[in-house]
Amino acid sequence: MKVLISGGGGFVASHLTELLLAEGHEVIAVDNFITGDRRNLEAVRDRPKFQLIEHDVSLPREYPAVDAVFHMASPASPVGYRTWPIETMLVNSQGTYHLLEHARKCGAKFLVASTSEAYGDPKVHPQTEDYWGNVNPVGVRACYDESKRYGEAMTMEYHRSLDTDTRIIRIFNTYGPRNQPDDGRVVPNFCMRALEGAPITVYGDGSQTRSFCFVSDLVEGIRRAMFTEGTAGEVINLGNPSEYTMLEFARFVNDLAGNKSEIVFEPLPESRKDDPMLRRPDISKAQRLLGWEPVVPPEEGLKRTLDWFRENALGTPASV
Ligand code: NAD
Ligand code: UDP
């Protein structure tokens, strides 16, 4: 198949690009590199079945006809979407619209990368796809959460009203090689500080939870969500249900890195208000529809991620 992947130069989509090329598909990546990194595409750049289009997908343009469109473009970390709030809102609204239009015109399948942030600070735990969420529509996270929710509604309407073959995936916290060392997310921050022997900063009292999925598991789930029969019109959580408080997670990363960094508590930065207190995916729908579940244990995934940071990123200053 010929596929278009928006945000192809990013963390998740560069792994997806490699997986699909390895299966023999032709991949067109579209990226403007606001949060991505050209080095993510080094391994595939010269492959005959790979093409890069440098473009802001929030703006209209003609693309080659394809069989499937993966809309993965969007800043994804709190630091990323606070740095690019308007761009984030546009890529998840206008960007989704333009790529849905392209999919509709060429009769392609369409997948949009939504997020567990669509559930906001959830009152239902673990989160099931039928939960509508608890989102502050005017808070500092709204540029991301609400634009993703808008993108979901737009995607659903193309399916409902225009019969486009769409699916929505809600991605839960994912980590692995090519995580941006300075994007402020908890995995890069904890790993970098643990490797440097610098203090590991836990925001608040560290009782908030997250559930972490290794990137190879996620991209296999994304592949299946696109190509498995019976996924048209569906909303599917993709993540790893193994849940940690941030304090437990800091100790876990610290032990694996072996440097015995100090763990310190800091007030939640202003840019992180409305920090969700609990997050864990219910993945029974992905198990049933896709026959998918994560297979990489957290210890192994984190060791591989620490190795990658050690080799590629030491010396990069961390962000908050
Ligand atoms: P990333 O920042 O590494 O990748 C996003 C890519 O999109 C970057 O290469 C960026 O340059 C590109 N991009 C952004 N706006 C663009 C635009 N207007 N036009 C073209 N390209 C644009 O982030 P990621 O972690 O790989 O996230 C990928 C997708 O998955 C995002 O849609 C994100 O919201 C979603 N997601 C990720 C996570 C996670 O834990 N990584 C969790 C939930 C959802
Ligand atoms: N966090 C932390 N220290 C850090 C970075 C993040 O304690 O250096 C916390 C943050 O407050 C949140 C969790 O880790 O509760 C996950 O943050 P991240 O930015 O990775 O993703 P989020 O799930 O909030 O989008």
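Just so we're clear, the structure is a prediction, and the values are computed from it rather than from any experiment.

Chemist: Teacher, can you tell me more about the overall build of the protein here?
Modeler: Looking only at helices and strands, the protein features nine helices and 13 strands. Projected onto its principal axes, the C-alpha coordinates of the protein cover approximately 55 × 45 × 35 Å. Expressed as a percentage of the 320 residues in the protein, the buried residues total 56%. For the protein, long-range pairs separated by at least 24 residues make up 80% of all intrachain contacts whose partners lie at least 6 apart in sequence. Surface exposure of the protein reaches about 13,200 Å², of which carbon and sulfur atoms provide 50%. Looking at the protein, you have 35 positive and 45 negative side-chain charges, and the mean spots of the two groups are 1 Å apart.

Chemist: Help me understand the pairing of strand E1 (residues 2-6) in this model?
Modeler: Put simply, side chains in a regular strand alternate between the two faces of the sheet. Counting buried positions along E1 gives four out of five residues, so the element sits mostly inside the fold. Summarising the sheet, E1 and strand E2 (residues 26-31) pair through five bridges and their orientation is parallel. When the sheet's bridge partners are listed, Ser6 is paired in E2 with Val30. You can see the chain leave E1, run along helix H1 (residues 11-22) and come back into E2, and the turn it takes is right-handed. The pairing of E1 with strand E4 (residues 68-71) spans four bridges and is parallel. Bridge pairing in E4 links Leu4 to Val69.

Chemist: Sorry if this is basic, but what is going on with H1 here?
Modeler: Residues separated by three or four positions in an α-helix point in the same direction, a consequence of the helix having 3.6 residues per turn. For H1, spanning 12 residues, the distance from its first C-alpha to its last is 17 Å, which sits close to the expected 16 Å at 1.5 Å a residue. Within H1, nine of the 12 residues are buried, which leaves the element mostly enclosed by the surrounding structure. For H1, the complete set of buried residues consists of Phe11, Val12, Ala13, Ser14, His15, Leu16, Thr17, Leu20 and Leu21. Where the residues of H1 are buried, they touch E1, E2, strand E3 (50-54), E4, strand E7 (174-175) and helix H6 (215-227). Of the residues trailing H1, Gly24 is marked for its positive phi of about 95°.

Chemist: Please explain H6 as it appears in this structure.
Modeler: For H6, with 13 residues, the first-to-last C-alpha span of 18 Å sits near the 18 Å given by 1.5 Å per residue. Counting buried residues along H6, 10 of its 13 residues qualify, which places the element largely inside the surrounding structure. When we look at burial in H6, the residues that qualify are Val215, Asp217, Leu218, Val219, Glu220, Gly221, Ile222, Arg223, Ala225 and Met226.

Chemist: Before we go on, may I ask you to explain the side chain of Ser211 in this structure?
Modeler: Relative to the assigned elements, Ser211 resides in strand E9 (residues 209-211). The class of Ser211 is buried, set by a relative accessible area of 1%.

Chemist: Would you take a moment to explain the site of ligand 1 for this structure?
Modeler: In the vicinity of ligand 1 lie 30 residues, with Val12, Asp31, Thr35, Asp56 and Tyr144 positioned nearest. Here an oxygen atom of ligand 1 and a backbone polar atom of Phe33 are 3.3 Å apart. Put simply, the parts of the chain that give the shell around ligand 1 at least two residues each are H1, strand E5 (109-115) and helix H4 (142-162). If one sorts the elements of the shell around ligand 1 by residue count, E5 sits on top with three residues.

Chemist: In this structure, what is going on with the side chain of Ser74? I would like to understand it.
Modeler: Looking at the secondary structure, you find Ser74 in the loop between E4 and helix H2 (78-83). A distance of 3.2 Å separates polar atoms of two side chains, one belonging to Ser74 and the other to Asn92. When residues no more than four places from it in sequence are discounted, the contact partners of Ser74 are Thr88, Val91, Asn92, Tyr144 and Lys148.

What counts and what doesn't
- Residues numbered from 1 in each chain as written.
- Chains lettered and ligands numbered in written order.
- Predicted model: local features only at pLDDT ≥ 70, side-chain atom pairs only at ≥ 80, totals over all residues.
- Heavy atoms only, no water.
- Helix = DSSP H or I, 4+ residues; strand = E, 2+ residues; numbered from the N terminus.
- Buried < 20%, exposed > 50% of the residue type's maximum accessible area, 1.4 Å probe, protein only.
- Contact = heavy atoms within 4.5 Å.
- Areas by Shrake-Rupley, 256 points an atom, 1.4 Å probe, with all protein chains shown as cover.
- Lys, Arg positive; Asp, Glu negative; His and termini not counted.
- Charge placed at Lys NZ, Arg CZ, Asp CG, Glu CD.
- Pairing = 2+ DSSP bridges.
- Right-handed = clockwise from strand over helix to strand, strands pointing away.
- Expected span 1.5 Å × (residues − 1).
- Near = heavy atom within 4 Å.
- Polar contact = N/O pair within 3.5 Å; in protein donor to acceptor, adjacent residues only side chain to side chain.

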